[in-house]
Amino acid sequence: MFALFAFATQDSIIKLLSERYSVIEILMIRLAIVLALLLVVALAWQGPGILRTRRPRLMFFRGVLAFFAFTTYYIALSSIPLAEAAVVYMTAPLFVTLLSALVLRERVGLHRWSAVVIGFGAVVFMLDPGSSLFRIESAMPLFSALCYALIPIINRHIGLSEHALTMGIYTTASYFVLMALTSLAIHTLPAPATDNATLQGVFQGWVMLQATDWWLLLLAGAIFTVALLAITQAYRIAVVSSVAPFEYVYILWASLVGYLIFADVPGPRTMIGGAVIVACGCYIILRE
């Protein structure tokens, strides 16, 4: 619950800064801060041995998933309310059930399949893709949730063989490398001619941050580091089904922070759809 409050606070800072700077620039600097903090804490607490890993491929794959999950989420967050993005993002448990049946060939009964169908039906109701108000940015957190749903599965494979700091360092380092390559590609390729504000924000040129914004970004990096270690440790030492329901607290924190900072009030569709998604997700977890 603490980690999810920290994530919501950090997300609001990223959203606030993305109104003035390129979201890619903000993410690059924040990743560098997080990686530096993780290395300092890890080496001071555990020594150089903390950098050894038995599962380098899984660690890298975890970083790839984090890259797609978080980057698409923050790109969408620069254009849509925090609460709306949070509700769509919380479909991750539905994706976990779907993937366990389709990829891992696990047996999923009628109850859980029904919850998955109803949950995704709530997403369609909330996004209202056939209306003139629909924006592709609103659906991007759905892809983020799909990528994020694979991370706890990898955590279960890694189990107790890896320290939470080791997992955090390798995931963040992989994410940083992929983000650096993305930044290089964006600055090399010509910006597309489009009226889409979100896409323009991705290809926006980098500028020097103001002093107060540097402090905000340092704060965001510190908060994210603490939140990352907390959530990783929770999934590392506890049963996934015990921890997962508490992730829905993020919707509450995101709604509260979004209202206090951006004066965003969730609409009826978001509130109804969110309630159904949370109910379906919790039901799936209880059935498992």
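Just so it is clear, the model here is predicted, and its values are computed rather than measured.

Caption draft 1: Local environment of the overall build of the protein. Counting secondary structure elements, the protein contains 13 helices and 0 strands. Starting at the N terminus and walking to the C terminus, you meet the elements of the protein as α-α-α-α-α-α-α-α-α-α-α-α-α. Taken over the C-alpha trace, the protein has a radius of gyration of 19 Å; the compact-globule value for 288 residues is 19 Å, and the two agree within 12%. Counting only C-alpha atoms, the protein reaches 50 × 50 × 35 Å along its principal axes. Within the span of the protein, comprising 288 residues, buried residues form 50% of the whole. For the protein, contacts bridging at least 24 residues in sequence account for 86% of all contacts bridging at least 6. Treating the 16 positive side-chain charges of the protein as one cloud and the 13 negative ones as another, the clouds have centres 15 Å apart.

Caption draft 2: A look at the nonpolar core. Of all hydrophobic cores here, the largest spans 90 residues; its most connected members are Y73, Y74, Y89, Y175, M179, L217 and Y250. When residues no more than four places from it in sequence are discounted, the contact partners of Y89 are A69, F70, Y73, P141, S144, A145 and Y148.

Caption draft 3: Quick look at the environment of A83. Looking at the element boundaries, A83 is found in helix α4 (residues 82–89). When near neighbours in sequence (up to four residues on either side) are disregarded, A83 contacts A254, S255, P266 and T270.

Caption draft 4: View of the environment of A3. Along the polypeptide, A3 turns up in helix α1 (residues 2–17). Looking at A3, the relative accessible area reads 6%, which means it is buried.

Caption draft 5: Representation of the side chain of Q10 within the structure. By the element assignment, Q10 lies in helix α1. A relative accessible area of 0% places Q10 in the buried class. A distance of 2.8 Å separates polar atoms of two side chains, one belonging to Q10 and the other to D11. Every residue in contact with Q10, bar those within four places of it in the chain, is listed here: R30, Y74, A220, I223 and F224.

Caption draft 6: Seen up close, a nonpolar patch on the surface. A cluster of nonpolar side chains, contributed by L256, Y259, L260, I261 and V265, occupies part of the molecular surface with about 530 Å² of accessible area. Structurally, L256 can be placed in helix α12 (residues 249–262).

Caption draft 7: View of the confidence of the model for the protein. In the predicted model, the protein carries a mean pLDDT of 84, and the fraction of residues at 70 or more is 95%. Considering each helix and strand of the protein separately, the mean pLDDT is smallest for helix α11 (residues 240–243), with a value of 70, and largest for α1, with 92.

Caption draft 8: Just unusual backbone geometry, in detail. The backbone of A263 sits at a positive phi, close to 60°, despite the residue not being glycine. Inspection of the secondary structure assignment puts A263 in the loop between α12 and α13 (268–287).

Caption draft 9: The side chain of T225, seen in detail. With respect to the helices, strands and loops of the structure, T225 is situated in helix α10 (residues 211–237). Residue T225 is classed as buried on the basis of its relative accessible area, which comes to 6%. Here the side chain of T225 touches G221 through a polar contact of 2.7 Å, landing on its backbone oxygen. Discounting chain neighbours no more than four positions away, the residues touching T225 are V34, L37 and L38.

Quick notes on the rules
Residues numbered from 1 in each chain as written. Predicted model: local features only at pLDDT ≥ 70, side-chain atom pairs only at ≥ 80, totals over all residues. Heavy atoms only, no water. Helix = DSSP H or I, 4+ residues; strand = E, 2+ residues; numbered from the N terminus. Rg over C-alpha atoms; globule rule 2.2 N^0.38 Å. Buried < 20%, exposed > 50% of the residue type's maximum accessible area, 1.4 Å probe, protein only. Contact = heavy atoms within 4.5 Å. Lys, Arg positive; Asp, Glu negative; His and termini not counted. Charge placed at Lys NZ, Arg CZ, Asp CG, Glu CD. Core = buried A, V, L, I, M, F, W, Y, C linked by side-chain atoms within 4.5 Å. Polar contact = N/O pair within 3.5 Å; in protein donor to acceptor, adjacent residues only side chain to side chain. Patch = residues over 30% accessible without salt bridge, like charges linked within 9 Å, V, L, I, M, F, W, Y side chains within 5 Å. Areas by Shrake-Rupley, 256 points an atom, 1.4 Å probe, with all protein chains shown as cover. Salt bridge = Lys/Arg side-chain N within 4 Å of Asp/Glu carboxyl O. pLDDT = per-residue confidence, 0-100.

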